[in-house]
Amino acid sequence: MHITQLSLTNYRNYSRLMMDLPAGPILLRGDNAHGKTNLLESIYFLSTTRSIHARADQQLINWLILKQETLPFARTEATIKTRQETFQLAITIVCEGDNLRKDIRLNGVKKRAMDVIGKLTTVMFLPEDIELITGAPAVRRRYLDSVLCQINPDYCQALSRYNKVLAQRNALLKELYKRNGNSDQLTYWDEQLAHDGATLITRRHNAILELDTMAGQRHRELSGGAESLRLHYAPSFDVFQQAKPNYQLPLLLEDLAPYTTAAPPVKEVRQTFLACLQQAHGEEINRGVTLTGPHRDDLHFLVDGIDMTLYGSRGQQRTAALSTKLAEISLMREITGEIPVLLLDDVMSELDATRRQHVIKMVEQAGQAFLTTTDWEDYDPNFRRRARLFSVIMGQVAEVTPDFN
Ligand SMILES: Nc1ncnc2c1ncn2[C@@H]1O[C@H](COP(=O)(O)OP(=O)(O)OP(=O)(O)O)[C@@H](O)[C@H]1O
Ligand SMILES: [Mg+2]
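Presented here is a report on the structure given in the accompanying data block. For every chain, the first residue of the written sequence is number 1, and numbering continues from 1 onward in sequence order. For naming, the first written chain is A and the first written ligand is 1, with later ones following in the order written. Local features are withheld for residues below a pLDDT of 70 in this predicted model, meaning they are given only at 70 or higher, and side-chain atom pairs are given and counted only at 80 or more; totals for whole chains, interfaces and linings count all residues. Computation of side-chain values: all heavy atoms of the structure, hydrogens and water removed.

### As for the packing of aromatic side chains
Reasoning step 1: Each pair of aromatic rings taken from Phe, Tyr and Trp, with Trp reduced to its six-membered ring, is defined by centres within 6.5 Å and is described as stacked if the planes are under 30 degrees apart, edge-to-face if over 60, and tilted in the remaining cases. Applying the stated criterion across every chain yields a total of 4 aromatic pairs.
Reasoning step 2: A centroid spacing of 5.1 Å and a plane angle of 15° characterise the contact between F237 and F273, whose relative ring orientation is stacked. With F237 in the loop between β9 (229-234) and α8 (253-256) and F273 in helix α9 (residues 266-279), this residue pair connects regions lying 36 residues apart in the sequence.
Reasoning step 3: Overall, the relative accessible area of 3% leaves F237 in the buried class.
Reasoning step 4: Among the residues examined, F273 registers a relative accessible area of 0% and is labelled buried.
Reasoning step 5: Geometrically, a charge over a ring is one whose NZ (Lys) or CZ (Arg) sits within 6 Å of the ring centre while staying within 35 degrees of the ring normal. The aromatic ring of F87 is capped on one face by K119, whose charged end is 4.8 Å from the ring centroid.
Reasoning step 6: One residue, K325, lies across the ring of F125, its end atom 5.9 Å from the ring centre. Helix numbering and strand numbering both begin at the N terminus, where a helix is a DSSP run of H or I of at least 4 residues and a strand a DSSP run of E of at least 2. The buried label goes to any residue with under 20% of its type's maximum accessible area, the exposed label to any with over 50%, and the partly exposed label to all in between, with areas taken from a 1.4 Å probe on protein chains only.

### Quick notes on the nonpolar core
Reasoning step 1: By convention a nonpolar core is built from buried Ala, Val, Leu, Ile, Met, Phe, Trp, Tyr and Cys residues, the set being connected through side-chain atoms within 4.5 Å. Membership of the largest hydrophobic core comes to 77 residues, with the highest contact counts inside it found for L344 and L371.
Reasoning step 2: At 13 residues, helix α7 (residues 186-222) tops the list of elements feeding residues into this core.
Reasoning step 3: Domain start and stop points were drawn from an automatic or database domain assignment. When we break this core down by domain, the ones giving at least three residues each are domain 1 (1-121 + 338-405) and domain 2 (129-336).
Reasoning step 4: Throughout, a residue-residue contact means that at least one pair of heavy atoms, one from each residue, lies within 4.5 Å. Once you skip the residues sitting within four places of it in the chain, L344 turns out to touch L40, F125, V359, V363, A369, F370, L371 and T372.

### Quick word on the sheet that holds strand β7 (residues 109-111)
Reasoning step 1: One requirement defines pairing of two strands: DSSP has to find at least two bridges between them. Within the open sheet, the 6 strands sit side by side as β2-β1-β4-β5-β6-β7. Their pairing is antiparallel. Every interior strand has two partners, whereas the edge strands, β2 (14-20) and β7, have only one. Shown here is a sheet whose adjacent strand axes are inclined to one another by a mean of 20°, direction ignored.
Reasoning step 2: Pairing between strand β1 (residues 2-11) and strand β4 (residues 73-81): 7 bridges, direction antiparallel. Bridged to S7 within β4 is E77.
Reasoning step 3: Fitting a line to C-alpha atoms yields each axis, with helices limited to the stretch in contact; the angle taken between N-to-C directions then spans 0 to 180 degrees. Sitting on the sheet, helix α1 (residues 36-48) touches β1, β2, β4, β5 (86-96) and β6 (99-106), and the angle it makes with β1 is about 110°.

As C-alpha coordinates, then:
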(Lines give C-alpha, C1' and ligand atoms only; values in the text may rest on other atoms or scores of the structure.)
(Ligands and ions follow the chains in the order given, each with its own letter.)
Protein backbone atom coordinates (compact mmCIF):
# COMPACT_ATOMS: atom_id res chain seq x y z
CA MET A 1 0.00 0.00 0.00
CA HIS A 2 1.04 3.59 -0.32
CA ILE A 3 -0.10 7.09 0.51
CA THR A 4 -0.84 9.17 -2.55
CA GLN A 5 -1.63 12.41 -0.80
CA LEU A 6 -0.91 13.84 2.63
CA SER A 7 -2.33 17.00 4.09
CA LEU A 8 -1.52 18.53 7.47
CA THR A 9 -3.18 21.52 9.08
CA ASN A 10 -1.75 23.05 12.26
CA TYR A 11 -0.04 19.76 12.96
CA ARG A 12 3.03 20.52 15.13
CA ASN A 13 5.25 22.88 13.09
CA TYR A 14 3.23 22.36 9.89
CA SER A 15 0.68 25.17 9.53
CA ARG A 16 -0.37 23.88 6.17
CA LEU A 17 1.11 21.08 4.12
CA MET A 18 -0.39 19.50 1.05
CA MET A 19 1.68 16.91 -0.76
CA ASP A 20 1.24 14.44 -3.56
CA LEU A 21 3.35 11.45 -2.73
CA PRO A 22 5.02 8.94 -5.00
CA ALA A 23 5.20 5.22 -4.30
CA GLY A 24 8.60 3.75 -3.47
CA PRO A 25 11.33 5.20 -1.30
CA ILE A 26 10.99 8.84 -0.23
CA LEU A 27 14.09 10.40 1.22
CA LEU A 28 13.51 13.48 3.38
CA ARG A 29 16.50 15.64 4.24
CA GLY A 30 16.40 18.50 6.67
CA ASP A 31 18.49 20.13 9.35
CA ASN A 32 17.60 19.53 12.98
CA ALA A 33 14.21 20.76 14.18
CA HIS A 34 12.71 21.45 10.74
CA GLY A 35 9.94 18.86 10.92
CA LYS A 36 11.17 15.46 9.67
CA THR A 37 10.06 13.50 12.72
CA ASN A 38 6.78 15.42 12.87
CA LEU A 39 5.95 14.39 9.32
CA LEU A 40 6.56 10.69 10.02
CA GLU A 41 4.72 10.96 13.31
CA SER A 42 1.66 12.36 11.51
CA ILE A 43 1.57 9.29 9.25
CA TYR A 44 2.00 6.93 12.18
CA PHE A 45 -0.77 8.82 13.94
CA LEU A 46 -3.16 8.17 11.04
CA SER A 47 -2.29 4.52 11.13
CA THR A 48 -2.66 3.92 14.88
CA THR A 49 -4.64 7.01 16.02
CA ARG A 50 -1.88 7.49 18.58
CA SER A 51 1.27 9.54 18.57
CA ILE A 52 4.49 7.66 18.99
CA HIS A 53 6.10 10.66 20.71
CA ALA A 54 3.53 12.95 22.31
CA ARG A 55 2.43 12.28 25.85
CA ALA A 56 -0.85 14.05 25.17
CA ASP A 57 -2.62 14.61 21.86
CA GLN A 58 -2.78 18.31 22.63
CA GLN A 59 0.95 18.51 21.90
CA LEU A 60 0.17 17.72 18.27
CA ILE A 61 -1.64 21.04 17.79
CA ASN A 62 0.55 23.85 16.51
CA TRP A 63 1.34 25.82 19.65
CA LEU A 64 0.98 29.21 17.97
CA ILE A 65 -2.70 28.66 17.21
CA LEU A 66 -3.23 26.93 20.55
CA LYS A 67 -2.78 30.31 22.17
CA GLN A 68 -4.52 32.43 19.54
CA GLU A 69 -7.68 30.66 18.51
CA THR A 70 -10.83 29.85 20.42
CA LEU A 71 -11.23 26.37 18.92
CA PRO A 72 -7.71 25.34 17.97
CA PHE A 73 -7.42 22.12 16.01
CA ALA A 74 -4.86 19.98 14.22
CA ARG A 75 -5.71 17.78 11.27
CA THR A 76 -3.87 15.08 9.44
CA GLU A 77 -5.42 13.61 6.34
CA ALA A 78 -4.27 11.13 3.71
CA THR A 79 -5.40 9.27 0.65
CA ILE A 80 -4.22 5.68 0.67
CA LYS A 81 -4.08 3.25 -2.19
CA THR A 82 -3.99 -0.48 -1.62
CA ARG A 83 -4.30 -3.26 -4.15
CA GLN A 84 -8.00 -3.45 -3.39
CA GLU A 85 -9.12 0.11 -2.89
CA THR A 86 -8.38 3.79 -2.47
CA PHE A 87 -9.62 5.46 0.69
CA GLN A 88 -9.26 8.59 2.73
CA LEU A 89 -8.39 8.79 6.39
CA ALA A 90 -8.56 11.96 8.49
CA ILE A 91 -8.03 12.65 12.17
CA THR A 92 -8.80 16.04 13.68
CA ILE A 93 -7.97 16.94 17.24
CA VAL A 94 -10.00 19.84 18.54
CA CYS A 95 -9.24 21.64 21.76
CA GLU A 96 -12.46 22.79 23.41
CA GLY A 97 -11.43 24.53 26.61
CA ASP A 98 -10.08 21.79 28.84
CA ASN A 99 -11.49 19.07 26.62
CA LEU A 100 -9.81 17.46 23.68
CA ARG A 101 -11.98 15.87 21.02
CA LYS A 102 -10.69 13.45 18.43
CA ASP A 103 -12.68 13.19 15.25
CA ILE A 104 -11.77 10.21 13.09
CA ARG A 105 -13.11 9.80 9.59
CA LEU A 106 -12.88 7.15 6.94
CA ASN A 107 -13.99 8.45 3.54
CA GLY A 108 -15.67 11.32 5.37
CA VAL A 109 -17.70 9.05 7.67
CA LYS A 110 -17.17 9.34 11.41
CA LYS A 111 -15.59 6.23 12.95
CA ARG A 112 -14.27 4.89 16.24
CA ALA A 113 -10.51 4.53 16.56
CA MET A 114 -10.72 0.75 16.58
CA ASP A 115 -12.58 0.79 13.26
CA VAL A 116 -9.77 2.54 11.40
CA ILE A 117 -6.65 1.14 13.08
CA GLY A 118 -5.10 -1.23 10.59
CA LYS A 119 -6.56 0.45 7.48
CA LEU A 120 -3.23 2.14 6.88
CA THR A 121 -0.53 -0.20 8.20
CA THR A 122 2.87 1.18 9.11
CA VAL A 123 6.08 -0.01 10.68
CA MET A 124 8.14 2.69 12.32
CA PHE A 125 11.90 2.39 12.84
CA LEU A 126 13.46 4.66 15.45
CA PRO A 127 16.92 4.91 16.97
CA GLU A 128 15.28 4.09 20.32
CA ASP A 129 13.94 0.74 19.05
CA ILE A 130 16.62 -0.89 21.18
CA GLU A 131 14.35 -0.14 24.16
CA LEU A 132 12.19 -2.98 22.95
CA ILE A 133 14.95 -5.17 24.37
CA THR A 134 16.40 -2.99 27.12
CA GLY A 135 13.19 -1.39 28.38
CA ALA A 136 10.64 -2.50 30.95
CA PRO A 137 8.07 -5.23 30.16
CA ALA A 138 5.48 -2.49 29.56
CA VAL A 139 7.47 -1.34 26.50
CA ARG A 140 7.26 -4.84 25.03
CA ARG A 141 3.55 -5.14 25.80
CA ARG A 142 2.90 -1.80 24.14
CA TYR A 143 4.86 -2.98 21.13
CA LEU A 144 2.87 -6.22 20.86
CA ASP A 145 -0.37 -4.30 21.21
CA SER A 146 0.52 -1.82 18.50
CA VAL A 147 1.48 -4.58 16.06
CA LEU A 148 -1.53 -6.76 16.85
CA CYS A 149 -4.03 -3.91 16.78
CA GLN A 150 -2.90 -3.03 13.28
CA ILE A 151 -3.36 -6.52 11.93
CA ASN A 152 -6.36 -7.60 13.92
CA PRO A 153 -9.45 -5.48 14.69
CA ASP A 154 -10.76 -8.12 17.15
CA TYR A 155 -7.58 -7.77 19.16
CA CYS A 156 -8.00 -4.04 19.35
CA GLN A 157 -11.57 -4.32 20.61
CA ALA A 158 -10.67 -6.99 23.16
CA LEU A 159 -7.77 -4.84 24.39
CA SER A 160 -9.92 -1.79 24.84
CA ARG A 161 -12.56 -3.75 26.80
CA TYR A 162 -9.89 -5.57 28.81
CA ASN A 163 -8.31 -2.32 29.98
CA LYS A 164 -11.66 -0.92 31.08
CA VAL A 165 -12.61 -4.09 32.96
CA LEU A 166 -9.16 -4.21 34.56
CA ALA A 167 -9.52 -0.67 35.90
CA GLN A 168 -12.97 -1.47 37.28
CA ARG A 169 -11.81 -4.72 38.84
CA ASN A 170 -8.85 -2.97 40.48
CA ALA A 171 -11.16 -0.31 41.88
CA LEU A 172 -13.40 -3.04 43.30
CA LEU A 173 -10.41 -4.83 44.87
CA LYS A 174 -9.49 -1.65 46.74
CA GLU A 175 -13.07 -1.17 47.78
CA LEU A 176 -13.31 -4.75 49.09
CA TYR A 177 -10.15 -4.22 51.13
CA LYS A 178 -11.54 -1.06 52.71
CA ARG A 179 -14.96 -2.56 53.47
CA ASN A 180 -13.66 -6.00 54.29
CA GLY A 181 -16.13 -7.11 51.63
CA ASN A 182 -17.04 -10.46 50.19
CA SER A 183 -14.96 -11.65 47.25
CA ASP A 184 -18.04 -13.11 45.55
CA GLN A 185 -18.53 -9.71 44.00
CA LEU A 186 -15.46 -10.38 41.90
CA THR A 187 -17.03 -13.28 40.01
CA TYR A 188 -18.64 -11.09 37.35
CA TRP A 189 -15.43 -9.11 36.75
CA ASP A 190 -13.33 -12.29 36.68
CA GLU A 191 -15.44 -13.62 33.86
CA GLN A 192 -15.27 -10.40 31.87
CA LEU A 193 -11.53 -10.16 32.35
CA ALA A 194 -10.95 -13.81 31.41
CA HIS A 195 -13.14 -13.49 28.33
CA ASP A 196 -11.11 -10.73 26.68
CA GLY A 197 -7.85 -11.66 28.39
CA ALA A 198 -7.92 -15.11 26.77
CA THR A 199 -8.29 -13.52 23.34
CA LEU A 200 -5.29 -11.28 23.98
CA ILE A 201 -3.17 -14.14 25.26
CA THR A 202 -3.86 -16.55 22.41
CA ARG A 203 -3.36 -13.85 19.80
CA ARG A 204 -0.12 -12.71 21.41
CA HIS A 205 1.12 -16.25 21.70
CA ASN A 206 0.42 -17.12 18.07
CA ALA A 207 1.78 -13.82 16.71
CA ILE A 208 4.99 -14.26 18.68
CA LEU A 209 5.40 -17.75 17.23
CA GLU A 210 5.30 -16.23 13.75
CA LEU A 211 7.57 -13.34 14.67
CA ASP A 212 9.94 -15.85 16.24
CA THR A 213 10.48 -17.69 12.96
CA MET A 214 10.87 -14.55 10.87
CA ALA A 215 13.01 -12.64 13.36
CA GLY A 216 15.21 -15.71 13.74
CA GLN A 217 15.92 -15.66 10.01
CA ARG A 218 16.67 -11.95 9.96
CA HIS A 219 18.93 -12.22 12.98
CA ARG A 220 20.88 -15.08 11.39
CA GLU A 221 21.44 -12.97 8.29
CA LEU A 222 22.38 -9.88 10.27
CA SER A 223 24.84 -11.76 12.45
CA GLY A 224 26.38 -13.58 9.49
CA GLY A 225 24.98 -16.89 10.72
CA ALA A 226 26.78 -16.57 14.04
CA GLU A 227 23.77 -16.15 16.34
CA SER A 228 20.39 -17.70 16.77
CA LEU A 229 17.56 -15.47 18.05
CA ARG A 230 14.37 -16.81 19.58
CA LEU A 231 11.37 -14.80 20.71
CA HIS A 232 9.62 -16.30 23.66
CA TYR A 233 6.27 -15.25 25.06
CA ALA A 234 6.12 -15.18 28.84
CA PRO A 235 2.49 -14.89 29.91
CA SER A 236 1.84 -14.05 33.55
CA PHE A 237 0.36 -17.47 34.26
CA ASP A 238 0.91 -20.90 32.85
CA VAL A 239 -1.28 -20.95 29.77
CA PHE A 240 -0.32 -24.54 28.95
CA GLN A 241 -0.93 -25.73 32.50
CA GLN A 242 2.50 -27.27 32.55
CA ALA A 243 5.39 -26.36 34.72
CA LYS A 244 6.69 -22.94 33.75
CA PRO A 245 10.09 -23.13 32.12
CA ASN A 246 12.73 -22.52 34.70
CA TYR A 247 14.70 -19.45 33.96
CA GLN A 248 18.09 -20.88 34.73
CA LEU A 249 20.59 -19.87 32.13
CA PRO A 250 21.21 -20.69 29.43
CA LEU A 251 17.57 -21.26 28.70
CA LEU A 252 17.32 -24.30 26.44
CA LEU A 253 14.78 -24.81 23.72
CA GLU A 254 13.59 -27.96 25.47
CA ASP A 255 12.60 -25.79 28.41
CA LEU A 256 10.43 -23.75 26.10
CA ALA A 257 9.00 -26.74 24.28
CA PRO A 258 5.31 -26.27 25.15
CA TYR A 259 5.62 -22.64 24.22
CA THR A 260 6.77 -23.34 20.70
CA THR A 261 3.45 -24.83 19.54
CA ALA A 262 0.20 -22.99 18.82
CA ALA A 263 -1.75 -21.72 21.82
CA PRO A 264 -4.47 -23.96 23.28
CA PRO A 265 -8.05 -23.12 22.20
CA VAL A 266 -9.19 -19.76 23.53
CA LYS A 267 -11.86 -21.48 25.65
CA GLU A 268 -9.22 -23.47 27.53
CA VAL A 269 -7.08 -20.38 28.09
CA ARG A 270 -10.14 -18.62 29.49
CA GLN A 271 -10.75 -21.44 31.99
CA THR A 272 -7.11 -21.48 33.09
CA PHE A 273 -7.06 -17.71 33.47
CA LEU A 274 -10.31 -17.79 35.43
CA ALA A 275 -8.93 -20.43 37.79
CA CYS A 276 -5.80 -18.29 38.38
CA LEU A 277 -7.91 -15.24 39.14
CA GLN A 278 -10.11 -17.12 41.58
CA GLN A 279 -7.15 -18.62 43.39
CA ALA A 280 -5.60 -15.22 43.97
CA HIS A 281 -8.64 -13.34 45.32
CA GLY A 282 -7.30 -13.09 48.88
CA GLU A 283 -3.91 -11.71 47.89
CA GLU A 284 -5.39 -9.40 45.26
CA ILE A 285 -7.76 -7.82 47.78
CA ASN A 286 -4.84 -7.24 50.14
CA ARG A 287 -2.77 -5.63 47.43
CA GLY A 288 -5.59 -3.87 45.57
CA VAL A 289 -4.41 -4.95 42.11
CA THR A 290 -5.04 -7.73 39.62
CA LEU A 291 -1.97 -9.93 39.75
CA THR A 292 -2.36 -12.13 36.68
CA GLY A 293 -3.35 -11.40 33.11
CA PRO A 294 -2.02 -9.98 29.86
CA HIS A 295 -1.26 -6.67 31.58
CA ARG A 296 1.56 -8.55 33.33
CA ASP A 297 2.94 -10.42 30.29
CA ASP A 298 6.45 -10.19 28.99
CA LEU A 299 8.34 -11.15 25.88
CA HIS A 300 11.86 -12.57 26.01
CA PHE A 301 14.51 -12.25 23.36
CA LEU A 302 16.95 -15.11 23.58
CA VAL A 303 20.20 -15.29 21.68
CA ASP A 304 21.63 -18.78 21.93
CA GLY A 305 19.46 -19.23 25.02
CA ILE A 306 20.58 -16.06 26.77
CA ASP A 307 18.04 -13.40 27.66
CA MET A 308 19.13 -10.27 25.80
CA THR A 309 17.26 -7.95 28.15
CA LEU A 310 19.48 -9.07 31.01
CA TYR A 311 22.71 -10.14 29.35
CA GLY A 312 22.83 -8.81 25.79
CA SER A 313 25.67 -6.66 24.57
CA ARG A 314 24.60 -3.33 23.08
CA GLY A 315 25.24 -4.63 19.55
CA GLN A 316 23.31 -7.86 20.15
CA GLN A 317 20.41 -5.89 21.59
CA ARG A 318 20.37 -3.54 18.61
CA THR A 319 20.47 -6.45 16.15
CA ALA A 320 17.69 -8.32 18.00
CA ALA A 321 15.49 -5.20 17.94
CA LEU A 322 16.14 -4.62 14.25
CA SER A 323 15.48 -8.30 13.39
CA THR A 324 12.17 -8.11 15.22
CA LYS A 325 11.10 -4.92 13.43
CA LEU A 326 12.03 -6.42 10.07
CA ALA A 327 10.04 -9.52 11.00
CA GLU A 328 7.09 -7.29 11.85
CA ILE A 329 6.94 -6.19 8.20
CA SER A 330 6.76 -9.82 7.05
CA LEU A 331 4.12 -10.64 9.65
CA MET A 332 1.93 -7.74 8.57
CA ARG A 333 2.35 -8.68 4.96
CA GLU A 334 1.42 -12.28 5.62
CA ILE A 335 -1.71 -11.42 7.56
CA THR A 336 -3.02 -8.40 5.65
CA GLY A 337 -1.68 -9.24 2.18
CA GLU A 338 -0.17 -5.75 1.96
CA ILE A 339 3.32 -4.53 2.70
CA PRO A 340 3.01 -1.79 5.33
CA VAL A 341 4.27 1.74 4.72
CA LEU A 342 7.72 1.99 6.30
CA LEU A 343 8.71 4.98 8.40
CA LEU A 344 12.42 5.17 9.17
CA ASP A 345 13.30 8.12 11.31
CA ASP A 346 16.97 8.85 11.44
CA VAL A 347 18.01 5.22 11.73
CA MET A 348 20.54 4.78 8.95
CA SER A 349 23.33 6.75 10.55
CA GLU A 350 23.23 4.33 13.51
CA LEU A 351 23.58 1.18 11.45
CA ASP A 352 26.68 -0.58 10.21
CA ALA A 353 27.00 -1.56 6.54
CA THR A 354 25.43 -5.03 6.85
CA ARG A 355 22.43 -3.83 8.84
CA ARG A 356 21.97 -0.94 6.45
CA GLN A 357 21.91 -3.29 3.48
CA HIS A 358 19.19 -5.40 5.06
CA VAL A 359 17.08 -2.37 5.87
CA ILE A 360 17.48 -1.00 2.35
CA LYS A 361 16.43 -4.37 0.94
CA MET A 362 13.17 -4.19 2.90
CA VAL A 363 12.70 -0.55 1.91
CA GLU A 364 12.98 -1.46 -1.75
CA GLN A 365 10.41 -4.21 -1.43
CA ALA A 366 7.90 -1.93 0.28
CA GLY A 367 5.17 -0.11 -1.60
CA GLN A 368 6.36 3.10 0.06
CA ALA A 369 8.97 4.06 2.61
CA PHE A 370 9.77 7.40 4.22
CA LEU A 371 13.36 7.83 5.34
CA THR A 372 14.66 10.90 7.12
CA THR A 373 18.20 12.14 7.34
CA THR A 374 20.18 15.27 8.03
CA ASP A 375 22.73 14.28 5.41
CA TRP A 376 22.21 12.90 1.88
CA GLU A 377 25.57 11.20 2.27
CA ASP A 378 24.00 8.70 4.70
CA TYR A 379 22.65 6.99 1.58
CA ASP A 380 24.71 5.64 -1.24
CA PRO A 381 24.29 7.34 -4.63
CA ASN A 382 22.63 4.28 -6.19
CA PHE A 383 19.90 4.34 -3.60
CA ARG A 384 19.52 8.10 -3.87
CA ARG A 385 18.99 7.73 -7.60
CA ARG A 386 16.20 5.21 -7.05
CA ALA A 387 14.52 7.31 -4.37
CA ARG A 388 12.53 10.53 -4.66
CA LEU A 389 14.20 13.31 -2.71
CA PHE A 390 12.53 15.99 -0.64
CA SER A 391 13.89 18.74 1.53
CA VAL A 392 12.22 19.73 4.77
CA ILE A 393 12.67 23.36 5.76
CA MET A 394 10.75 24.98 8.57
CA GLY A 395 7.58 22.99 8.13
CA GLN A 396 7.67 23.12 4.32
CA VAL A 397 8.48 20.15 2.13
CA ALA A 398 9.67 20.44 -1.46
CA GLU A 399 10.91 17.91 -3.96
CA VAL A 400 14.50 18.43 -5.03
CA THR A 401 16.33 17.19 -8.07
CA PRO A 402 19.49 15.34 -7.23
CA ASP A 403 22.72 17.17 -8.09
CA PHE A 404 24.97 14.22 -7.44
CA ASN A 405 25.94 11.35 -9.66
N1 LIG B 1 2.87 21.55 18.80
C2 LIG B 1 3.87 22.11 18.14
N3 LIG B 1 3.70 23.31 17.53
C4 LIG B 1 4.70 23.90 16.84
N5 LIG B 1 5.94 23.38 16.74
C6 LIG B 1 6.17 22.19 17.34
C7 LIG B 1 5.15 21.51 18.06
N8 LIG B 1 5.68 20.35 18.55
C9 LIG B 1 6.96 20.34 18.16
N10 LIG B 1 7.27 21.42 17.42
C11 LIG B 1 8.57 21.81 16.84
O12 LIG B 1 8.73 21.27 15.57
C13 LIG B 1 10.10 21.33 15.23
C14 LIG B 1 10.49 20.17 14.37
O15 LIG B 1 10.53 18.98 15.15
P16 LIG B 1 10.97 17.58 14.55
O17 LIG B 1 11.12 16.67 15.70
O18 LIG B 1 10.06 17.17 13.46
O19 LIG B 1 12.40 17.95 13.93
P20 LIG B 1 13.37 17.05 13.07
O21 LIG B 1 13.46 17.65 11.70
O22 LIG B 1 12.99 15.64 13.16
O23 LIG B 1 14.76 17.33 13.79
P24 LIG B 1 15.97 16.33 14.19
O25 LIG B 1 16.86 16.27 12.99
O26 LIG B 1 16.61 17.04 15.32
O27 LIG B 1 15.40 15.03 14.59
C28 LIG B 1 10.86 21.41 16.55
O29 LIG B 1 11.50 22.65 16.66
C30 LIG B 1 9.77 21.29 17.59
O31 LIG B 1 10.01 22.05 18.75
MG1 LIG C 1 13.83 14.02 14.18
